Amino acid sequence: MTRQTKKATAALDAATLLGEVALVRSSIWMNGKKKIAAIVTDASTDPAFLPDGAIALVALTCFPPGVPSRMMLDVPLYPAPVDESALPAAWLKNG
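Predicted, not measured: the structure shown is a model, and the values here were computed from it. (Residues numbered from 1 in each chain as written. Predicted model: local features only at pLDDT ≥ 70, side-chain atom pairs only at ≥ 80, totals over all residues. Heavy atoms only, no water.)

Caption draft 1: Representation of unusual backbone geometry within the structure. With omega at -15 degrees, the peptide bond leading from leucine 87 into proline 88 counts as cis. Mapping proline 88 onto the fold places it in the loop between strand 4 (70–78) and strand 5 (89–92). Residues other than glycine seldom take positive phi values, yet methionine 30 does so here, at roughly 55 degrees. Among the structural elements, methionine 30 can be located in the loop between strand 1 (21–25) and strand 2 (35–44). Judged by its relative accessible area of 58%, methionine 30 is exposed. (Helix = DSSP H or I, 4+ residues; strand = E, 2+ residues; numbered from the N terminus. Buried < 20%, exposed > 50% of the residue type's maximum accessible area, 1.4 Å probe, protein only.)

Caption draft 2: Quick peek at the nonpolar core. Within the largest apolar cluster, 18 residues are counted, with the highest numbers of intra-cluster contacts made by Val24, Val58, Leu60, Cys62 and Leu77. For this core, the elements supplying multiple residues, two or more each, are strand 1, strand 2, strand 3 (56–62), strand 4 and strand 5. Contacts of valine 58, omitting those with residues within four sequence positions, involve Val40, Asp42, Ala43, Met72, Leu73, Asp74, Val75 and Leu77. (Core = buried A, V, L, I, M, F, W, Y, C linked by side-chain atoms within 4.5 Å. Contact = heavy atoms within 4.5 Å.)

Caption draft 3: Here's a closer look at the side chain of arginine 25. Along the chain, arginine 25 turns up in strand 1. At 5.5 Å, glutamate 84 is the nearest oppositely charged side chain to arginine 25, a buried residue that forms no salt bridge. There is a polar contact of 2.7 Å between the side chain of arginine 25 and the backbone oxygen of aspartate 83. (Lys, Arg positive; Asp, Glu negative; His and termini not counted. Salt bridge = Lys/Arg side-chain N within 4 Å of Asp/Glu carboxyl O. Polar contact = N/O pair within 3.5 Å; in protein donor to acceptor, adjacent residues only side chain to side chain.)

Caption draft 4: The arrangement of the confidence of the model for the protein in detail. In this model, the protein carries a mean pLDDT of 87, and residues with pLDDT of at least 70 account for 86%. When mean pLDDT is taken per element in the protein, strand 3 scores highest with 97 and helix 1 (residues 6–10) scores lowest with 43. (pLDDT = per-residue confidence, 0-100.)

The following block contains the structure:
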């Protein structure tokens, strides 16, 4: 398995992200202290809508342990984990 380079990560399009596994942190889970597994169900890579450093805005189906799955919309997706001040935030699991 090879690592993606930053250039390859930046070149992702929305269709490539569908079905990818991500980790998400949100204020609804322990004030952002807990990372939850999620699957990308929709994505937009339009640069006009992206926060600094984000590669996409995504819709996620999250799977918190012990509770029903939950949908989240318009979550910034980053290529790697970001600091805890960015809530909600998601990043690719393999990133």
